[in-house]
Amino acid sequence: MSQPTTSSTATARAKPATRRNALPGRLSPGMACDTAFRIIARRHLGAVLAQHDGTCRGDPDALHQIRIALTHLRTAIRFFSPMVDDTLRPNVWAELKWLNSQLGLVRDLDVAIERVVAESGDELAVIAELQHWDEKRAESHRLLARALQSARYKRLVEQTSAWIESGPWSTRRSKEAVRLRRCSLADRATARLTEWEESLLRKARKLRKLDVEKRHRLRLLNKRLTYSIESLTDLFDDDSLAKQKSILKQLRKAQRSLGQLNDDARGQALAASLNGAGPEAGIRFLDRKREKRLLRTASTAYRKLDKAKPFRSSDLAPNAEPKD
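Described in the following lines is the structure provided in the data block.

Rules and cut-offs
Residues numbered from 1 in each chain as written. Predicted model: local features only at pLDDT ≥ 70, side-chain atom pairs only at ≥ 80, totals over all residues. Heavy atoms only, no water. Helix = DSSP H or I, 4+ residues; strand = E, 2+ residues; numbered from the N terminus. Buried < 20%, exposed > 50% of the residue type's maximum accessible area, 1.4 Å probe, protein only. Contact = heavy atoms within 4.5 Å. Axes fitted to C-alpha atoms, helices over the stretch in contact; angles between N-to-C directions. Parallel < 35°, antiparallel > 145°, perpendicular 65-115°, else oblique. Left-handed = near helix turned anticlockwise from the far one by under 90°. Nonpolar A, V, L, I, M, F, W, Y, C, P; charged D, E, K, R; others polar. Patch = residues over 30% accessible without salt bridge, like charges linked within 9 Å, V, L, I, M, F, W, Y side chains within 5 Å. Areas by Shrake-Rupley, 256 points an atom, 1.4 Å probe, with all protein chains shown as cover. Salt bridge = Lys/Arg side-chain N within 4 Å of Asp/Glu carboxyl O. Lys, Arg positive; Asp, Glu negative; His and termini not counted. Charge placed at Lys NZ, Arg CZ, Asp CG, Glu CD.

Let's talk about the overall build of the chain
Moving on, step 1. Counting its secondary structure elements, the chain contains 12 helices and zero strands.
Moving on, step 2. Element order for the chain, N to C, with α for helix and β for strand: α-α-α-α-α-α-α-α-α-α-α-α.
Moving on, step 3. The buried share of the chain, reckoned over its 324 residues, is 49%.
Moving on, step 4. Sequence-distant contacts in the chain: of pairs separated by 6 or more residues, those separated by 24 or more amount to 81%.

Dropping the structure here:
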């Protein structure tokens, strides 16, 4: 299926603010949290920018990757809260949320279209139905490309980059603010990962009783924990890395199942918005057997995760100095 294309111009490309200080190339347990936040946030903002042109051209893979990078960035901000909670954070967060919403609709349509193509047995019927889906996708992509080439997007990148480097959070002089910045990444990682894992497992025990919205929030918490562990890979030695990979395996299994359930809910809503597609467009996203299977897979993954040894500070590599 052909995708609409939109060429980006050099003037539309936003660039991050100039970096004032060189940072280590890798994280380490003894690193101060302010340095660690800048390293992690820079990585993910850079990944967003790397997928900008491909997303503007209508490449579904680039769109998927830019959303992942953006979610990683937003997760990093949550991970280092309250250290980064200053007067500018609400605006930065609101703009990142705006960008995510712009990307989300087109991604949801890509996933829905893939489902329609994969599950249709009547070629003539699917061709007629896909016309409505393609029209919706083309319209949504035009709006997305316009947003990615807008002055608002350029400001978002510049302001977010400047905030990461030297926002008010980085210069506040209260004892608590200084303590949070100087706190070691090892201590922060231990506290945050433990907190999020306990919260995830507590909510997951009620998975089969959750409605669509609560299940969606569980999925977001799952993603938050997964992305945080991925961002902290530098910290794990060989032995503990194997343990983290085992944990990530179960988190990703649950994430895939919950993601597919969320895609089904979004597909139903999108089908209802298609002009002339007919009621059958939404029916294909209603499959009780599929729902039960996905819930069973996620529940099994969470049971295995619950039996695994939880995250401990001893999982971190023993070195306390940053690596170049």
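Having put the structure on the table, let's press on.
Things to note about the packing of helix 1 (residues 33-50) against helix 3 (residues 60-79)
Moving on, step 1. Across the interface, helix 1 lies against helix 3 with an axial gap of 8 Å and an inter-helix angle of 160°. Of the possible angle classes, the one that applies to helix 1 and helix 3 is roughly antiparallel. Helix 1 and helix 3 meet at a crossing whose hand is left-handed. Here Phe37, Ile40, Ala41, His44, Leu45, Ala47 and Val48 of helix 1 come into contact with helix 3, specifically with Ile66, Ala69, Leu70, His72, Leu73, Ala76 and Ile77.
Moving on, step 2. Along the lines of polarity and charge, the residues of the contact of helix 1 with helix 3 split into 12 nonpolar, two polar and no charged.

Side note on a positive patch on the surface
Moving on, step 1. On the surface, Arg208, Lys249, Arg293, Arg296, Arg303, Lys304 and Lys307 cluster together into a patch of positive charge.
Moving on, step 2. Within the element layout of this structure, Arg303 appears in helix 12 (residues 288-307).

Quick notes on the packing of helix 8 (residues 185-204) against helix 9 (residues 212-231)
Moving on, step 1. Relative orientation of the contacting elements helix 8 and helix 9 amounts to 150°, with a least axis distance of 10 Å. Judged by the inter-axis angle, helix 8 sits roughly antiparallel to helix 9. Considering only the axes of helix 8 and helix 9, their crossing is left-handed. Across the interface between the two elements, Leu193, Trp196, Glu197, Ser199, Leu200, Lys203 and Ala204 from helix 8 touch Leu218, Leu221, Asn222, Arg224, Leu225, Ser228 and Ile229 from helix 9.
Moving on, step 2. For the contact of helix 8 with helix 9, a count of residues per class yields eight nonpolar, three polar and three charged.

Here we look at unusual backbone geometry
Moving on, step 1. Cis geometry marks the peptide bond from Ser81 to Pro82; its omega dihedral reads 10°.
Moving on, step 2. Along the chain, Pro82 turns up in the loop between helix 3 and helix 4 (89-119).

Description of the pattern of salt bridges
When their charged atoms lie close together, side chains carrying opposite charge are able to pair.
Moving on, step 1. Considering all chains together, one arrives at 15 salt bridges under this definition.
Moving on, step 2. In this structure, the salt-bridge partner of Asp234 is Arg26, at a minimum N-O distance of 3.4 Å. Here Arg26 lies in the segment before helix 1 and Asp234 lies in the loop between helix 9 and helix 10 (238-272), a separation of 208 residues in the sequence.
Moving on, step 3. Taking the relative accessible area as the measure of exposure, Asp234 reaches 15% and is therefore buried.
Moving on, step 4. With a closest N to O distance of 2.8 Å, Asp264 and Arg290 form a salt bridge. Placement of Asp264 in helix 10 and of Arg290 in helix 12 is noted, with a sequence separation of 26 residues between them.
Moving on, step 5. Looking at Asp264, the relative accessible area reads 7%, which means it is buried.
Moving on, step 6. Each member of the salt-bridge network shares a partner with another, and the members are Arg26, Arg43 and Asp234.

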